[in-house]
Amino acid sequence: TIIPEEFKGKKYCFWFDENSGAHVVVPGKNRYVVLPATPGTTYQTVYVDDSDNIWYGTVNESRANMGLTRLTETPGYFHHYLTGTDKEGNLHPVFAITKDSDGDIWAGTRGIGYVYRIKPDGREIKVSFSHLFPGREAPRARSLVSDDDGIWIGCTEDIIVHFNKRTGDFRKWNLSLKDLE
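Residues numbered from 1 in each chain as written. Predicted model: local features only at pLDDT ≥ 70, side-chain atom pairs only at ≥ 80, totals over all residues. Heavy atoms only, no water.

**A word on the nonpolar core**
Worth spelling out the cut-off: In this text, buried Ala, Val, Leu, Ile, Met, Phe, Trp, Tyr and Cys residues form a nonpolar core when linked through side-chain atoms within 4.5 Å. Relative accessible area decides the class of each residue, using a 1.4 Å probe on protein chains only: under 20% of the type maximum gives buried, over 50% gives exposed, and in between gives partly exposed. A run of H or I in DSSP counts as a helix once it spans at least four residues, and a run of E counts as a strand once it spans at least two, with each numbered from the N terminus. Should any heavy atoms of two residues lie within 4.5 Å, those residues are considered in contact.
Trp-106, Val-115, Phe-129, Leu-144, Ile-153, Val-161 and Phe-170 are the most contacted members of the largest nonpolar core, which totals 17 residues. For this core, the elements supplying multiple residues, two or more each, are β12 (141–146), β13 (150–155) and β14 (159–164). Those residues within four positions of Val-161 in sequence are excluded, and the remaining contacts are Phe-129, Leu-132, Ile-151, Trp-152, Ile-153, Cys-155, Phe-170, Arg-171 and Lys-172. Core analysis: the next-biggest nonpolar cluster, separate from the first, contains eleven residues, Ala-22, Val-33, Tyr-43 and Leu-71 among them.

Printed below as a string of structure tokens:
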């Protein structure tokens, strides 16, 4: 595989095409993977971890085969997470993925006021931040970034939440465009 010069130096790059699927390029490994398009399925997010596993979240029109998937190419292996429903019967389309310094995968779903933490042994832990929004519905996680202290959660409604892994504490910020000028 020939990796375009513009991709060199990047950890990974990806794009989605409704006809061919999700394209993932890992320049340092000279690796190019296409996750094929499936009728009615849309790829929402992709994350490549340091072990070269490709994690991706999908949404499906039929409400089947949604959730978080881990692809390990050698040996060829898929493992699906968050494929069931919660207590209210809601499915888990995954919109954001990151991995923290402890090796835990974090997934932001359509769920209101929480994210999932998936331990290396496969345990799924629901981490709620809805208590930060008393008297109203909490926002949904749309992006996740890990740093040395914890997880940054970019949410709907112009809200950013930070989870401190050491203390278990949350902080939130309400942003507006004037805050960023």
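Here the narrative resumes.
**Brief notes about the environment of Tyr-116**
Position of Tyr-116 relative to the elements: it lies in strand β10 (residues 114–118). Assessed through its relative accessible area of 8%, Tyr-116 is described here as buried. Placed ten residues apart in sequence, Tyr-116 and Trp-106 show a C-alpha to C-alpha distance of 5.6 Å.

**Some points on the packing of aromatic side chains**
The description of an aromatic ring pair rests on the distance of the ring centres and on the angle between the ring planes. So the rule is basically this: For Phe, Tyr and Trp, rings pair up if their centres lie within 6.5 Å, where Trp contributes its six-membered ring, and each pair is then called stacked (planes under 30 degrees apart), edge-to-face (over 60) or tilted (otherwise). Either the NZ atom of lysine or the CZ atom of arginine qualifies as a charge over a ring when it sits within 6 Å of the ring centre and within 35 degrees of the ring normal.
Under the defined criterion, the tally for this structure stands at eight aromatic pairs. With 5.6 Å between their ring centres and 50° between their planes, Trp-106 and Phe-163 make a pair best called tilted. With Trp-106 in strand β9 (residues 105–109) and Phe-163 in strand β14, the pair connects residues that are 57 residues apart, well separated along the chain. This pair shows no difference in class: Trp-106 is buried, exactly as Phe-163 is. In this arrangement the basic side chain of Lys-126 is found over the ring face of Tyr-114, its NZ or CZ atom lying 4.0 Å from the centre. The positively charged end of Arg-142 is found above the aromatic ring belonging to Phe-95, 4.0 Å away from the centroid.

**Remarks on the pattern of salt bridges**
To be explicit about the condition: We define a salt bridge as a contact between a side-chain nitrogen of Lys or Arg and a carboxyl oxygen of Asp or Glu at a distance within 4 Å.
Within the structure shown, the criterion is met by nine salt bridges. Ionic pairing is found between Arg-117 and Asp-100, a salt bridge with its closest N-O pair at 3.9 Å. Note that Arg-117 is positioned in strand β10 and Asp-100 in the loop between β8 (94–99) and β9, a separation of 17 residues in sequence. Since its relative accessible area comes to 15%, Arg-117 is described here as buried. Across the pair Arg-123 and Asp-121 runs a salt bridge whose closest N-O atoms are separated by 2.9 Å.

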